[in-house]
Amino acid sequence: MRSRWSYVYFAFYLLLGVVLLFLNNDLSKAVITLMNVIIVLVPLIGTIFGVMYYYNSQEFTELLLAQPIKRSSIFLGQYLGVALSLSMSLILGLGIPFVFYGLFESSAIWDFSLLLITGTFLTLIFTALAFNIALSNENKIKGFGYAILLWLFLAVIYDGLFLMTLIFFEDYPLDKVSLIGTMLNPIDLSRTLILLKLDISALLGYTGAVFKQFFGTSFGLIVSFVMLTVWVVMPVLRIIFKSKKKDF
């Protein structure tokens, strides 16, 4: 929390929330605009912060490793420190202006809550993935390169490949494939959840109807959050495993 970048991140979201509410009188429209920003920006910042923090605190980490402290405690502490401070900046930065604007009296409160929950999940996921990349690469330039490449793949390239696959095999029933493909990417899964909660799935055509049929149900929502939790747990377990095996 002492990092000034946490406050810069907080101030950015605070300013973004104020500006959006100033430009949009409708809270639900502001939520849609925020979704487009959060889905792309939160994973990027989580990735960069995670890698930056690990490389900048390497000497301090080696000092801690010389003490009688469990390795898992050190690395999980560092991961949670970065991920939770970024999550708090996101929640408070966006929450404060929306609360003052009358969020609790609006019907958009559930949409906004889902936006913050998925934003927090994305922060936890991409910070964990960034720590994994940094732990696996001693070279800072390589580490940064792989981290940016990972974000680029999941945010942009994956969608392109997914779309090309759907077009190429359009003669086949791809309902289940499209659902599985969406779940394998936390960014796509978060976007789909928010879009369906905003009830604008009619704009998505046939695919939207299929998604609505699955993600729109309680079971679909539970499965989605279970998948997002798996996306958090798996990289965190690898951080613990890798930190125990790594020779510093």
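As the structure is a computational prediction, the values presented were derived from the model and not from experiment.

A. Up close: the overall build of the protein. In terms of regular secondary structure, the protein is built from 10 helices and 0 strands. Mapped in sequence order, the helices and strands of the protein form the string α-α-α-α-α-α-α-α-α-α. The C-alpha atoms of the protein give a radius of gyration of 19 Å, which matches the 18 Å a tight globule of 248 residues would have. Across its three principal directions, the C-alpha atoms of the protein cover 60 × 50 × 30 Å. In the protein, which comprises 248 residues, the proportion classed as buried is 48%. Sequence-distant contacts in the protein: of pairs separated by 6 or more residues, those separated by 24 or more amount to 79%. Summed over all atoms, the accessible surface of the protein reaches about 13300 Å², with 71% contributed by carbon and sulfur. Looking at charge distribution, the protein has the averaged site of its 16 positive side-chain charges lying 13 Å from that of its 13 negative ones.

B. Up close: the side chain of Asn185. Mapped onto the secondary structure, Asn185 falls in the loop between helix H7 (175–183) and helix H8 (186–197). A polar side-chain atom of Asn185 sits 2.8 Å from the main-chain carbonyl oxygen of Leu154. Those residues in contact with Asn185 that lie beyond four places of it in its chain are Leu154, Tyr158, Asp159 and Trp231.

C. Main features of the packing of aromatic side chains. This structure, assessed with the given rule, holds 12 aromatic pairs. Ring centres of Phe98 and Phe112 lie 4.3 Å apart, and the angle between their planes is 20°; on these two criteria the pair is classed as stacked. Of this pair, Phe98 sits in helix H4 (residues 71–100) while Phe112 sits in helix H5 (residues 109–136), and the two are 14 residues apart along the sequence. Pairwise contacts between aromatic rings join Tyr54, Tyr55, Tyr79, Phe131 and Phe144 into one cluster.

D. Structural view of H8. Between its terminal C-alpha atoms H8 stretches 16 Å, which fits the 16 Å expected from 12 residues at 1.5 Å a residue. Of all 12 residues that make up H8, 10 are buried, and the element is covered over most of its length. The complete set of buried residues in H8 reads Pro186, Ile187, Asp188, Leu189, Ser190, Thr192, Leu193, Ile194, Leu195 and Leu196. The N-cap residue of H8 is Asn185: its side-chain oxygen and the backbone nitrogen of Ile187 are 3.0 Å apart.

E. Spotlight on the packing of H4 against helix H10 (residues 218–245). Their axes nearest at 9 Å, the elements H4 and H10 cross at an angle of 140°. Our classification of the angle between H4 and H10 gives oblique. The element H4 and its partner H10 pack so that their crossing is right-handed. Side by side, H4 and H10 meet where Arg71, Ser72, Phe75, Leu76 and Tyr79 of the first sit next to Val232, Val236, Ile239, Ile240, Ser243 and Lys244 of the second.

F. Spatial organisation of the pattern of salt bridges. Applying the stated criterion across every chain, the model contains 2 salt bridges. Arg191 is the salt-bridge partner of Asp159, the closest N and O atoms lying 3.5 Å from each other. Linking Asp159 in helix H6 (residues 140–168) with Arg191 in helix H8, this pair joins segments that are 32 residues apart in sequence. Looking at Asp159, the relative accessible area reads 24%, which means it is partly exposed. With a relative accessible area of 24%, Arg191 lands in the partly exposed category.

G. Structural detail: the nonpolar core. The biggest cluster of nonpolar side chains holds 68 residues, and the ones touching the most others in it are Tyr13, Leu34, Tyr79, Leu94, Phe98, Phe112 and Leu115. Among the elements that take part in this core, H5 stands out by supplying 17 residues, more than any other. Ignoring anything within four residues of it in the chain, the contact list for Phe98 reads Gly17, Leu21, Leu27, Ala30, Val31, Leu34, Leu103 and Phe112.

H. Just the side chain of Thr118, in detail. With respect to the helices and strands, Thr118 occurs in helix H5. On the basis of relative accessibility, which here comes to 0%, the residue Thr118 falls in the buried class. When neighbours within four sequence positions are excluded, Thr118 is seen to be in contact with Ser190, Leu193 and Ile194.

I. Just the environment of Leu196, in detail. With respect to the helices and strands, Leu196 occurs in helix H8. For the pair formed by Leu196 and Asp111, sequence separation is 85 residues and the distance between their alpha carbons is 9.8 Å.

What counts, and where the lines are drawn
Every chain's residues receive numbers from 1 upward, in the order its sequence appears when written. Per-residue local features are limited, in this predicted model, to residues with pLDDT of at least 70; the limit for side-chain atom pairs, both in listing and counting, is 80 or more; totals at the level of whole chains, interfaces and linings are taken over all residues. Water and hydrogen atoms were dropped before computing side-chain values, which therefore reflect all heavy atoms in the structure. By definition, any uninterrupted DSSP run of H or I lasting at least four residues is a helix, any uninterrupted run of E lasting at least two residues is a strand, and each is numbered from the N terminus. Note on method: radius of gyration uses C-alpha positions; expected globular size equals 2.2 Å times residues raised to 0.38. Note on exposure labels: buried denotes an accessible area under 20% of the residue type's maximum, exposed denotes more than 50%, and partly exposed covers the range between, all computed with a 1.4 Å probe on protein chains only. Only heavy atoms matter for contacts: two residues are in contact if any of them lie within 4.5 Å across the pair. Where accessible areas are quoted, they stem from the Shrake-Rupley method and a 1.4 Å probe; at the residue level, only the protein chains shown are allowed to cover. In this charge count, Lys and Arg are treated as positive and Asp and Glu as negative; neither His nor the chain ends contribute. For the purpose of locating charges, the reference atoms are NZ of Lys, CZ of Arg, CG of Asp and CD of Glu. Polar contacts here mean pairs of N or O atoms no more than 3.5 Å apart (in protein, one a potential hydrogen donor and the other a potential acceptor; neighbouring residues in sequence count only if both atoms are side-chain atoms). Classification of ring pairs uses Phe, Tyr and Trp, with its six-membered ring standing for Trp, and accepts pairs whose centres are within 6.5 Å; under 30 degrees between planes counts as stacked, over 60 as edge-to-face, and the remaining range as tilted. By this rule the span expected of a helix is its residue count minus one, scaled by 1.5 Å. To obtain each axis, a line is fitted to C-alpha atoms, and for helices this fit is confined to the stretch in contact; angles are then taken between N-to-C directions over 0 to 180 degrees. Here is the rule for angles: anything less than 35 degrees is roughly parallel, anything more than 145 is roughly antiparallel, 65 through 115 is roughly perpendicular, and the remaining ranges are oblique. Each helix crossing is assigned a hand: it is left-handed if the near helix lies turned anticlockwise from the far helix by less than a right angle, otherwise right-handed if that turn is clockwise. Salt bridges are identified by distance alone: a Lys or Arg side-chain nitrogen within 4 Å of an Asp or Glu carboxyl oxygen. To form a nonpolar core, buried Ala, Val, Leu, Ile, Met, Phe, Trp, Tyr and Cys residues must be joined to one another through side-chain atoms within 4.5 Å.

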